[in-house]
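Residue-level structural notes
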Amino acid sequence: EDPELNINHPYYDVARHGIIQLAGDDNSGRKVITFSCCRMPPSHQLNHTRLLEYLKYTLDQYVENDYTVVYFHYGLKSLNKPSLKWLQTAYKEFDRNCSNSVLPSIIFKSLLTISFSFPRYKKNLKALYVVHPTNFIKILWNIFKPLISHKFGKKITYLNYLSDLREHLKYDQLNIPQEVIRHDENLRGKQKGKLPPVVKVPPPRPPLPTQQFGVSLQYIKDKNKGELIPPVMKETVSYLKRKGLQVEGLFRRSASIQTIKDVQKLYNQGKSVNFDDYHDIHIPAVILKTFLRELPQPLLTFDCYDHILGITSVESSLRVTRCKQIIQGLPEHNYIVLKYLICFLHMVSQESIYNRMTASSLACVFGLNLIWPSKGTASLSALVPLNLFTELLIDFYTNIFNSRTVPGE
């Protein structure tokens, strides 16, 4: 059970099983949600209607932004799969305008139903990875294929082994159930009667003197004549201030993975980047998020993580003061960079009538790019305080950042 899960959580009875979890980001910076069938208890111990509601509740936190779902199919058995009656009810709820059909008793059906019956869930779902699919899953897909658009069908990928996920996601961030890992090992062991050869991973290269991504703020400062604001942050923020403040959905959209890699490479090699050449305002936005996410330690630091989680237990009228206290404890360099970033995000929120990015919307995007735990990834239950803290920083920027002087001010 998630130690951060509060017993007052509206779906505590379902959430405590860990069936649905947040699992960091994919290679494009999109939030990843996992669904693990093996964590479903016997049917008589789980209210499947509540499970479906909890799935919707979870997706509702992300459907405004691009996101990815990983479905671990192993572990769905006759003991824990939902009844046909429940599936019929779910089908009617999500697909009222479609005629009844034979419904397979499988959770995958629910994921598909939610995805293609509700445009708000389908639009920003960029990938659905089905891990360890059975032949029945593939037959099921062929049945539903005529009902699903070709565009959505391209989002679904079957992965026979866990290692296949590495190509698409940050594998180490996934909280994969031990049962799934053991099943994967058994499958590999049966393949030609032996495990595949171990691929040797070369040792990491030392960073370039011009490196921007994946190195500390201190490293960037030392290699840039003492400049406190990293060049990549200064250039992306400056560009977005000039051309992106009124762009609808700024920071919500992803961009081409290859393009992002190319831009990162240019920055890491110390070469100039002209964002006008890419004709896509979302590229500098994604680059900014990627820079923050790839810092070795989050901008808000690991030390602040537990303090930030406690923000929801603080009386509402005292929360801004508590935010102020927490960031006062940041190292000076982190404070300066954070202030620079939040000042910009505050400006973005002031244009929300055009860009539809309120402080709350921006917090959902940036919360987990500013703070994450030192081990593993933040759980779903941690999202509320992390996003609330970020929202308060953006909303009350002037109040929170007015009492600590920094160099150059």
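Residues numbered from 1 in each chain as written. Predicted model: local features only at pLDDT ≥ 70, side-chain atom pairs only at ≥ 80, totals over all residues. Heavy atoms only, no water.

Glancing now at the overall build of the protein. When you go through the protein residue by residue, the secondary structure sums to 19 helices and five strands. In the protein, buried positions account for 52% of the 409 residues. In the protein, 75% of the contacts between residues at least 6 apart in sequence involve partners at least 24 apart. Summed over all atoms, the accessible surface of the protein reaches about 20,100 Å², with 51% contributed by carbon and sulfur. (Helix = DSSP H or I, 4+ residues; strand = E, 2+ residues; numbered from the N terminus. Buried < 20%, exposed > 50% of the residue type's maximum accessible area, 1.4 Å probe, protein only. Contact = heavy atoms within 4.5 Å. Areas by Shrake-Rupley, 256 points an atom, 1.4 Å probe, with all protein chains shown as cover.)

This next bit is on the side chain of Thr34. Relative to the helices and strands, Thr34 resides in strand β2 (residues 31–36). Here Thr34 falls in the buried class, since its relative accessible area comes to 2%. Once you skip the residues sitting within four places of it in the chain, Thr34 turns out to touch Ile19, Ile20, Gln21, Ala23, Val70, Phe72 and Leu174.

For the pair helix α10 (residues 231–243) and helix α12 (residues 282–293), interaxial distance at closest approach is 9 Å and the crossing angle is 150°. As judged from the angle between their axes, α10 and α12 are roughly antiparallel. Between α10 and α12 the crossing geometry is left-handed. Where α10 approaches α12, its residues Val232, Met233, Thr236, Val237, Tyr239 and Leu240 are matched on the opposing element by Pro284, Ala285, Ile287, Leu288, Phe291 and Leu292. Here the residues of the contact of α10 with α12 are counted per class, giving eleven nonpolar, one polar and no charged. (Axes fitted to C-alpha atoms, helices over the stretch in contact; angles between N-to-C directions. Parallel < 35°, antiparallel > 145°, perpendicular 65-115°, else oblique. Left-handed = near helix turned anticlockwise from the far one by under 90°. Nonpolar A, V, L, I, M, F, W, Y, C, P; charged D, E, K, R; others polar.)

Moving on, we come to the pairing of β2. Most of β2 is tucked away: six of the six residues are buried. Residues of β2 alternate between two faces, with Lys31, Ile33 and Phe35 on one and Val32, Thr34 and Ser36 on the opposite face, all of them buried. Sheet topology places strand β1 (residues 20–25) next to β2; four bridges connect them, and they run antiparallel. Following the sheet pairing, Gln21 is matched in β2 by Thr34. (Pairing = 2+ DSSP bridges.)

A word on the packing of aromatic side chains. Taken as a whole and assessed by the stated rule, the structure comprises eleven aromatic pairs. An angle of 50° between the planes, with centres 5.2 Å apart, marks the rings of Tyr11 and Tyr57 as tilted. With Tyr11 in the segment before α1 (12–15) and Tyr57 in helix α2 (residues 48–60), the pair connects residues that are 46 residues apart, well separated along the chain. Exposure remark for Tyr11: the relative accessible area of 14% places this residue in the buried category. Ring geometry for Phe213 and Phe291: centres 6.1 Å apart, planes at 80°, overall edge-to-face. Pair noted here: Phe213 is in the loop between α8 (178–190) and α9 (217–223) and Phe291 is in helix α12, with a separation of 78 residues, a long-range link. A relative accessible area of 3% means that Phe213 is categorised as buried. Assessed through its relative accessible area of 1%, Phe291 is described here as buried. (Phe/Tyr/Trp six-rings, centres within 6.5 Å; stacked < 30°, edge-to-face > 60°.)

So, about the environment of Pro284. Residue position: Pro284 is located in helix α12. We classify Pro284 as buried; its relative accessible area is 0%. Excluding its chain neighbours within four sequence positions, the residues that come into contact with Pro284 are Thr236, Tyr239, Leu240 and Phe275.

It is worth spelling out the confidence of the model for the protein at this point. Model confidence for the protein is summarised by a mean pLDDT of 84, while 83% of its residues fall at 70 or above. Here residues 94–106 is modelled with pLDDT under 50, and outside its nearest four sequence neighbours on either side it reaches 33 contacts, counting other chains as well. (pLDDT = per-residue confidence, 0-100.)

Below, the discussion takes up the pattern of salt bridges. Under the definition given, this model contains seven salt bridges. For the salt bridge of Arg253 with Asp66, the shortest nitrogen-to-oxygen distance reads 3.9 Å. One end of the pair, Arg253, is in the loop between α10 and α11 (257–268); the other, Asp66, is in the loop between α2 and β3 (67–72), and 187 residues separate them in sequence. Measuring nitrogen to oxygen at the nearest pair gives 3.6 Å for the salt bridge that ties Arg188 to Asp184. On the criterion of helical spacing, the pair formed by Arg188 and Asp184 is a turn pair, its members being four residues apart in helix α8. (Salt bridge = Lys/Arg side-chain N within 4 Å of Asp/Glu carboxyl O.)

To continue, consider helix α15 (residues 332–350). Here α15 is 19 residues long and its end C-alpha atoms lie 27 Å apart, about the 27 Å a rise of 1.5 Å per residue gives. Burial analysis of α15 places 14 of its 19 residues in the buried class, the great majority of the element. (Expected span 1.5 Å × (residues − 1).)

Grouped together as the largest cluster of nonpolar side chains are 98 residues, with contacts concentrated most on Phe251, Ile327, Leu338 and Phe366. Ala23, Val70, Val131 and Leu165 belong to the second-largest nonpolar core, a separate cluster that totals 16 residues. (Core = buried A, V, L, I, M, F, W, Y, C linked by side-chain atoms within 4.5 Å.)

We now examine the environment of Ser349. Within the secondary structure, Ser349 is located in helix α15. Using a relative accessible area of 9% as the deciding quantity, one classes Ser349 as buried. Residues Ser349 and Ser361, spaced twelve residues apart in sequence, show a C-alpha to C-alpha distance of 8.7 Å. Not counting the four nearest positions on each side in its chain, Ser349 is found in contact with Met357, Thr358, Ala359, Leu362 and Ile394. Within the structure, Ser349 has its side chain in polar contact with the backbone oxygen of His346 (distance 2.7 Å). (Polar contact = N/O pair within 3.5 Å; in protein donor to acceptor, adjacent residues only side chain to side chain.)

Before going further, it helps to examine the environment of Ile394. Relative to the elements of secondary structure, Ile394 occurs in helix α18 (residues 380–395). Exposure remark for Ile394: the relative accessible area of 0% places this residue in the buried category. Dropping the residues within four chain positions of it, Ile394 is found in contact with Ile342, Leu345, His346, Ser349, Ala359, Leu362 and Ala363.

Let us look at unusual backbone geometry. One non-glycine residue, His132, adopts positive backbone phi at about 60°. The residue His132 is located in the loop between β4 (125–131) and α6 (135–144) in this model. Phi at Phe251 takes a positive value of approximately 80°, unusual for a residue other than glycine. With respect to the helices and strands, the residue Phe251 is situated in the loop between α10 and α11. Since its relative accessible area comes to 1%, Phe251 is described here as buried.

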